[in-house]
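So you can see what is in the structure, the chains are spelled out below.
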Amino acid sequence: GFLAFRESPALKRLIARCPPRFTPDVVLVDGNGACHPDGFGLACHVGVECGVPTVGIAKDLHCFDGLDVKKVRMMCDEAVWTSSKEGDGVVAGSNLSRWPDAVALVGDSGTTHGAAVFGHVHTGDGAGHPVFVSGGHRVDLDLAIELTRLCRLQGHKTPEPIRVADARSRSRVRLLEGKGP
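The numbers attached to residues start from 1 for each chain and follow its sequence in the written order. Only residues with pLDDT of at least 70 are given local features in this predicted model, and only at 80 or more are side-chain atom pairs given and counted; all residues enter the totals for whole chains, interfaces and linings. Hydrogens and water are ignored here; the side-chain numbers use all heavy atoms of the structure.

Here we come to the confidence of the model for the protein chain. Averaged over every residue, the pLDDT of the protein chain is 88; residues scoring 70 or more account for 86%. As a per-residue measure, pLDDT tells how confident the predictor is, with possible values from 0 to 100. By definition in these notes, contact holds between two residues if any of their heavy atoms fall within 4.5 Å. Every residue in residues 88–96 scores below 50 in pLDDT, and together they form 28 contacts with partners more than four places removed in sequence or on other chains.

See the structure below:
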């Protein structure tokens, strides 16, 4: 628990080290934004503390407001199946129908907390494991999804900046543990 309190100081220091002319236009954060039980995840914390727009991109879904992983995976699989049946590349029944690779995460309260984005390569067996995208600070859901899509490489679900940072940090941990690169 309390990921934002553990991680945000380090992220804040990294952003503060950017020379003024290189201040980021937006920061993709490996963690939740508004798609959080408190509605204010790591991406929100970092954005507010640093005064930069942020997008939350999480690999795991918090279960709250009637959302759970099994239900969301079924929604994603159904969207892929429906889209392939209709042949138009549009997710039927989704309020994000302009996104062929996303399903809105609407809780029992009727609140749209974020979206499950599953636009990586499909093998015909459904949507696979989506990433969970939400606005962090000063970024709405539509823009968060668009940025996520634009930063992904073909065949990957995770945006490249987050994928590379994750790989480098894991490599560093292995090195510090004496297990080699």
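Summary of the burial criterion: residues with accessible area below 20% of their type's maximum are buried, those above 50% are exposed, and those between are partly exposed, where the area comes from a 1.4 Å probe applied to protein chains only. Labels follow the DSSP assignment, with helices taken as runs of H or I lasting at least four residues and strands as runs of E lasting at least two, numbered in each case from the N terminus. Every buried residue of helix α4 (residues 141–150) is accounted for by L141, A144, I145, L147 and T148. End-on view of α4: buried residues confined to an arc of 165°, all on one side of the axis. At its buried positions, α4 is contacted by β2 (54–58), β3 (102–106), β4 (112–117) and β5 (131–137). Pairs of N or O atoms within 3.5 Å make up the polar contacts considered here, provided that, within protein, one atom can donate a hydrogen while the other can accept it, and that residues adjacent in sequence are counted only when both atoms are side-chain atoms. Sitting at the head of α4, D140 places a side-chain oxygen 3.4 Å from the backbone nitrogen of D142. Regarding the arc, it is the one traced by the directions from the helix axis to the C-beta atoms.

Criterion for a salt bridge: a side-chain nitrogen of Lys or Arg within 4 Å of a carboxyl oxygen of Asp or Glu. For the structure shown, the criterion picks out six salt bridges. With its nearest N and O atoms 3.1 Å apart, the salt bridge here joins D101 to R149. Taken as a pair, D101 in the loop between α3 (69–86) and β3 and R149 in helix α4 lie far apart in primary sequence, 48 residues in all. The exposure class assigned to D101 is buried, which follows from its relative accessible area of 7%.

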